Each structure stands twice: as structure tokens, then as C-alpha cells.
Amino acid sequence: MRTLITNGTIVTADGSYDADVLIDGETIAQIGRDLAGAGPGAIADDTIDASGKYVIPGGIDVHTHMELPFGGTSAKDTFETGTRAAAFGGTTSIVDFAVQSRGKSLREGLDAWHAKAEGNAVADYGFHMIMSDVNDDTLAEMDGLVAEGVPDFKLFTAYPGVFFSDDGAIFRAMQRTARNGGLIMMHAENGLAIDVIAQDTINAGITDPIGHGLARYSVLEGEATNRVIRLAQAAGVPVYIVHLSAREAMNAVRQARDEGLPAFAETCPQYLFLSLDDMGNGFEGAKYVCSPPLRPADHQVELWRGLVKDDLQVVSTDHCPFDFEGQKDLGRGDFRKVPNGLPGVEDRMDLLHDGGVVAGRITRERWVAITSTAPAKLFGMYPHKGAVAVGSDADLVIYDPNRKRTISAASHHMNVDYSCYEGRVVQGASDVVLSRGSVIVRDGQFTGKKGHGKFIKRATADFARMA
């Protein structure tokens with residue numbers, strides 16, 4: 001199957017230019033002007049006219065949680081529904097988190113996630129590994145996972161009794177990545193102190209979801225972020241901070257990068273477009289409970305500055321959807337029991353285009369960088385993913401920068417009963433989405449198929465060591 005995309009403006013992280021793109025099978029075969037007239041006969045089986053539109057590399061969301069068990073329930077999106085929703089939003093690859101259960105092996109957790117995804121995902125997927133236990137056996141297992149394309153390991157300074165690792169365990173895991181080339185990803189909040197404050201908050205009679213945001217102090221995210229960066233410095237390895245939300249954490253990353261340290265970080269759309277105020281209004285605020293929590297709106301200024309200055313390299317979603325009815329309401333009467341997580345995989349690209357590019361905060365090239373190219377480079381997928389280049393996978397999006405749509409649970413494709421951005425009008429939307437050369441979304445209709453998505457065997461984090 002050969003597909004020709006004509007008359008579009010190719011937008012990459014490095015620049016924009018007008019050219020046609022010829023796809024042969026699953027990869028990009030040729031890029032140039034007037035490819036339809038370049039030779040005799042029909043050059044393609046299908047021609048897509050991209051006049052007035054962008055041709056961009058498919059979005060890459062390197063932080064999702066499909067089917068994640070949490071707090072006695074599980075995230076609603078499966079790998080089928082979650083990757084389909086992602087595709088509607090212009091995201092053609094995800095990297096999800098496989099979970100090692102306490103007392104079990106990394107292998108058992110990874111195998112369980114392969115079973116969830118294989119034959120179900122409609123777009124390509126990879127895995128990070130959540131480490132719940134750091135011991136001699138799991139440290140040895142890390143080497144094997146790196147070799148088979150799962151080179152990243154997430155640890156937590158939060159959630160005591162569930163995922164929490166102490167500084168010694170974190171440091172041992174970092175030492176291991178110094179040898180095997182892996183990358184440590186950190187959820188950085190001081191969970192031990194937060195649990196004390198949360199109990200004090202409950203004791204003071206604050207049980208509604210707003211208590212979640214009040215108890216998880218931003219200074220404790222800043223403290224934990226600085227601490228894990230300094231542990232990585234001592235181990236001589238890069239570190240990646242997930243879902244950075246707070247000014248204090250941003251400052252810790254900025255200082256480290258100014259010192260020349262390989263510290264990297266992502267933020268999420270919810271921290272750029274929502275705030276602590278959304279967690280008010282009684283139990284309705286449960287819709288917005290995630291960790292780290294939404295911050296006061298003035299933190300957003302620093303996050304946008306971080307994206308502009310490249311102190312933040314990536315915007316992922318931390319997509320982890322729970323229904324308001326029947327799941328979020330497990331926390332009625334105690335905010336600590338509200339399942340943590342928000343839906344967002346479908347809206348990321350459009351929110352950032354509207355609130356970033358259209359609003360004049362970032363260029364369209366920077367938009368492509370933070371949603372596709374930088375995650376591909378940091379997580380061992382470039383240039384197969386995250387690029388519009390000859391030989392790259394034909395993961396492409398024909399994006400209309402002028403079309404407006406209204407975000408709503410009534411029309412989204414995520415398997416969840418509410419939207420965090422209900423009623424928000426955004427400018428910019430995906431018209432045609434291709435995954436490895438196959439059109440999987442066209443003009444609002446799903447044209448892909450269950451099981452099309454393949455596992456992405458990713459390389460080690462060499463970019464993080466050289467950048």
C-alpha cells in the first residue's frame with residue numbers, strides 16, 4: 001500500500017516547510033515537492049490532500065495507565081479503548097506502566113501488561129516498569145528488561161505502603177542503571193510527610209476532595225524533586241521527573257540543568273490548564289483528584305516558562321481514568337480514598353495547540369517537540385517515531401490548525417463518564433491519523449482495527465546521557 005500526502009505543511013521540531021510525503025508500506029519513502037508529478041503512472045494507491053493543514057509526526061504519550069488497579073478499582077480504559085481514544089486525538093504511540101506487585105517479580109508484572117495489550121491495542125505501545133520492591137533479585141531483573149526494550153524504571157517517594165521506596169532503594173536502582181543504560185523515572189513527592197498532613201486535614205474536618213490538594217504541599221514536591229536529582233547526581237546517572245506540577249519542583253529541575261546535570265522532566269495538561277480551584281465545589285472536585293494535585297493557578301506561569309526554556313522537555317498525560325459515578329465516589333467522606341487519576345490522552349494535542357500555539361505561548365515547532373520528538377528521543381524511539389523523515393515509521397497526523405471543537409464527555413472516545421475540560425472550545429484538531437502507514441482515523445471516523453498496534457522495543461536512554 002502506497003499513500004501520498006499532498007499540499008501540506010510539514011511541521012517538525014526543527015522547522016516547517018511545504019512538501020509532499022510518500023508512504024510505502026509502514027514507512028516514509030520519499031519527501032519532496034510535487035511527488036505526484038515526479039514519475040509516470042499512479043504513484044500511490046491513496047492520495048490525501050492536506051491543503052491548508054499541517055503534516056506532523058504522530059503524538060507520543062509516554063505516561064499512560066491503561067487498566068491500572070488503584071484503590072480497590074481499576075482505570076476504565078483498556079489498551080483497545082485507550083489507544084483508540086489516543087488516535088482520535090492525534091497520538092499514535094503510548095508508553096504505559098507495567099506494575100510489579102509487592103513480593104512479585106518484575107517479569108510477572110511485565111508479562112501481565114503484555115497480555116493486556118497484545119492483540120488489543122489499535123496503535124503502537126511500549127512499557128516502562130514500576131518497581132515496588134528494590135532488592136537483589138529485582139535489581140538483577142532490570143538488566144534483562146533493558147535488553148528486551150523496557151529500559152525505564154519508575155520509583156516513588158510517595159504512597160507509603162504501596163509503591164514507596166526509601167532513598168537507599170532509589171540509589172541502588174540508580175546505580176544499576178549506571179551499568180545497564182536504563183533510566184530512572186521518579187514520582188517525587190514526600191509521601192511520608194504528606195500522609196501526616198492528610199491525617200491532620202481529616203482530623204480538622206476537611207474530608208471533601210479539596211483536602212487532597214491542600215494536604216499535598218507543593219514545597220514537598222520541590223523537596224522530593226531536589227532530593228532524587230541529587231541522588232542521581234551521586235550515582236552519576238540521568239533522572240526523569242514525571243508529572244511535575246509545582247513551582248518549587250520546577251525550580252529544582254531548572255537549577256540542576258543550569259549546573260549541567262542530566263535532569264529531565266515532564267508536565268501534564270492538567271497542570272497547565274486546571275488549578276486547585278477546580279477541586280472545590282464539594283464532591284464534584286473528585287473529578288480532578290490526581291497526584292501530584294492541581295496547584296494554584298499561579299504555578300502555571302512557571303511551567304509554561306519551563307516548556308519555553310526547555311527545562312521541561314515533555315508534556316504527557318498521566319492518563320488514568322476513573323468514572324465519577326461508581327469509582328471516584330469511593331472517596332465520599334474521605335478524600336484519601338478517591339482513586340487518583342484523570343482522563344486526558346485524547347485531548348493533549350489539541351489543548352496544547354490551542355493553549356500553547358494559538359495563545360502565543362509556544363511555536364508550532366515547539367508543540368511538535370514536546371508532544372512527539374522529545375519523548376521519542378528521551379525514550380529510545382527516535383527516529384523511527386517522532387520524526388517526519390525518510391525511513392521513519394509512517395505515524396503521521398494531518399492536523400487542521402483552524403478547526404474548532406468543543407471538548408465534552410458526550411463526544412470523546414475515552415471510556416470514562418466525564419471530561420476535565422467539559423465545554424472548553426479548542427482550536428486545532430486531527431483530520432487524518434496514520435499508524436505505520438495505515439489510516440486509523442479519518443474525518444471523525446475510526447478506520448483502524450483492534451490488534452494493529454505493535455510493541456515498541458525501545459533503546460536505552462543514550463540521548464539522556466548525551467544531551
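Up top you'll find the structure we're talking about.
Residues numbered from 1 in each chain as written. Predicted model: local features only at pLDDT ≥ 70, side-chain atom pairs only at ≥ 80, totals over all residues. Heavy atoms only, no water.

(A) The overall build of the protein, seen in detail. When you go through the protein residue by residue, the secondary structure sums to 13 helices and 19 strands. For the protein, whose C-alpha radius of gyration is 21 Å, the value lies close to the compact-globule estimate of 23 Å for 467 residues. Seen through its principal axes, the protein has C-alpha atoms that stretch 75 × 50 × 40 Å. Across the 467 residues that make up the protein, the buried fraction comes to 63%. Within the protein, counting contacts between residues at least 6 apart in sequence, those at least 24 apart form 76% of the total. Summed over all atoms, the accessible surface of the protein reaches about 16000 Å², with 48% contributed by carbon and sulfur. Mean positive and mean negative side-chain charge positions of the protein (45 and 62 charges, respectively) differ by 1 Å. (Helix = DSSP H or I, 4+ residues; strand = E, 2+ residues; numbered from the N terminus. Rg over C-alpha atoms; globule rule 2.2 N^0.38 Å. Buried < 20%, exposed > 50% of the residue type's maximum accessible area, 1.4 Å probe, protein only. Contact = heavy atoms within 4.5 Å. Areas by Shrake-Rupley, 256 points an atom, 1.4 Å probe, with all protein chains shown as cover. Lys, Arg positive; Asp, Glu negative; His and termini not counted. Charge placed at Lys NZ, Arg CZ, Asp CG, Glu CD.)

(B) Focus on the sheet that holds strand β13 (residues 239-241). If you trace the eight strands from one edge of the open sheet to the other, you get β6-β9-β10-β11-β12-β13-β14-β15, paired in parallel fashion. This sheet does not close on itself; its edge strands, each paired only once, are β6 (59-64) and β15 (314-315). As defined by bridge partners, strand β9 (residues 91-99) adjoins strand β10 (residues 124-130) across seven bridges and the pair is classed as parallel. Bridge pairing links V99 to I130 in β10. Of the strands in this sheet, β9 and β10 touch helix α1 (residues 79-88), which is tilted by about 145° from β9. Where helix α8 (residues 247-258) meets the sheet, its contacts fall on β13 and β14 (263-267), and the angle it forms with β14 comes to roughly 150°. (Pairing = 2+ DSSP bridges. Axes fitted to C-alpha atoms, helices over the stretch in contact; angles between N-to-C directions.)

(C) Seen up close, the packing of aromatic side chains. Applying the stated criterion across every chain yields a total of 15 aromatic pairs. Summarising the aromatic geometry, the rings of F70 and Y159 are spaced 6.0 Å apart at their centres and angled 75° between planes, so their arrangement reads as edge-to-face. Taken together, the residues F70 in strand β7 (residues 69-70) and Y159 in the loop between β11 (152-156) and α4 (167-180) connect sequence positions 89 residues apart. Each member of the pair F70 and Y159 is classed as buried. Ring centres of Y240 and F379 lie 4.9 Å apart, and the angle between their planes is 80°; on these two criteria the pair is classed as edge-to-face. Taken as a pair, Y240 in strand β13 and F379 in the loop between α12 (364-378) and β16 (396-406) lie far apart in primary sequence, 139 residues in all. (Phe/Tyr/Trp six-rings, centres within 6.5 Å; stacked < 30°, edge-to-face > 60°.)

(D) Structural view of the nonpolar core. Among the nonpolar cores identified, the biggest contains 124 residues, and F153, Y240 and W367 are the most heavily contacted of them. If we skip the residues at most four places from it in the chain, W367 touches Y54, I56, M349, L352, H353, V357, I362 and Y399. In this structure, I5, V21, V55 and A394 belong to the second largest nonpolar core, which totals 16 residues. (Core = buried A, V, L, I, M, F, W, Y, C linked by side-chain atoms within 4.5 Å.)

(E) Just α4, in detail. Between its terminal C-alpha atoms α4 stretches 20 Å, which fits the 20 Å expected from 14 residues at 1.5 Å a residue. By the burial criterion, the buried members of α4 are A169, I170, A173, M174, R176, T177 and N180. The buried side chains of α4 occupy one side of the element, clustering within an arc of 155° when seen end-on. Where the residues of α4 are buried, they touch α3 (136-147), β11, β12 (183-187), α7 (218-235), β13 and α13 (462-466). If you check the start of α4, you find a side-chain oxygen 3.1 Å away from the backbone N of G168, and it comes from D166. In the segment just after α4, G181 is the residue with positive phi, at about 85°. (Expected span 1.5 Å × (residues − 1). Arc of directions from axis to C-beta. Polar contact = N/O pair within 3.5 Å; in protein donor to acceptor, adjacent residues only side chain to side chain.)

(F) Region of interest: the side chain of S435. Among the structural elements, S435 can be located in strand β17 (residues 425-435). Leave out the neighbours within four places in its chain, and S435 touches A123, D124, A394, D395, I440 and H452.

(G) Fine view of the environment of H65. Looking at the element boundaries, H65 is found in the loop between β6 and β7. Distance in space between the C-alpha atoms of H65 and F97 is 6.0 Å, their sequence separation being 32 residues. Reaching out from H65, the side chain makes a polar contact with the side chain of H63 at a distance of 3.2 Å.

(H) Representation of the packing of helix α2 (residues 106-117) against α3. The interhelical angle for the contact between α2 and α3, taken along N-to-C directions, is 40°, at an axis separation of 9 Å. Judged on the interaxial angle alone, α3 and α2 are oblique. From α2, L106, R107 and L110 reach across to α3, where they touch T138, E141, M142 and L145. For the contact of α2 with α3, the residue count by class is four nonpolar, one polar and two charged. (Parallel < 35°, antiparallel > 145°, perpendicular 65-115°, else oblique. Nonpolar A, V, L, I, M, F, W, Y, C, P; charged D, E, K, R; others polar.)

(I) Focus on α12. With 15 residues, α12 extends 20 Å between its outermost C-alpha atoms, agreeing within 8% with the 21 Å of an ideal straight helix rising 1.5 Å per residue. At I370, α12 shows its largest kink, close to 50°. Just downstream of α12 lies G380, where phi reads positive at about 70°. (Bend = angle between axes of the 7 residues up to and from the residue.)

(J) Broad picture of the pairing of β16. One ladder, built from four bridges, connects strand β5 (residues 54-57) with β16; its direction is antiparallel. Its bridge partner being in β16, V55 is matched across the sheet by I398. As defined by bridge partners, β16 adjoins β17 across eight bridges and the pair is classed as antiparallel. Its bridge partner lying in β17, L396 is registered against L434.

(K) Structural view of the pattern of salt bridges. Taken as a whole and judged by the stated rule, the model has 37 salt bridges. With a shortest N-O distance of 2.8 Å, R295 and E221 are connected by a salt bridge. With R295 in the loop between α9 (269-273) and α10 (299-309) and E221 in helix α7, the pair connects residues that are 74 residues apart, well separated along the chain. Ionic contacts of the salt-bridge type, sharing partners, join the residues E26, D124, K385, D393, D395, R436 and K454 into one network. (Salt bridge = Lys/Arg side-chain N within 4 Å of Asp/Glu carboxyl O.)

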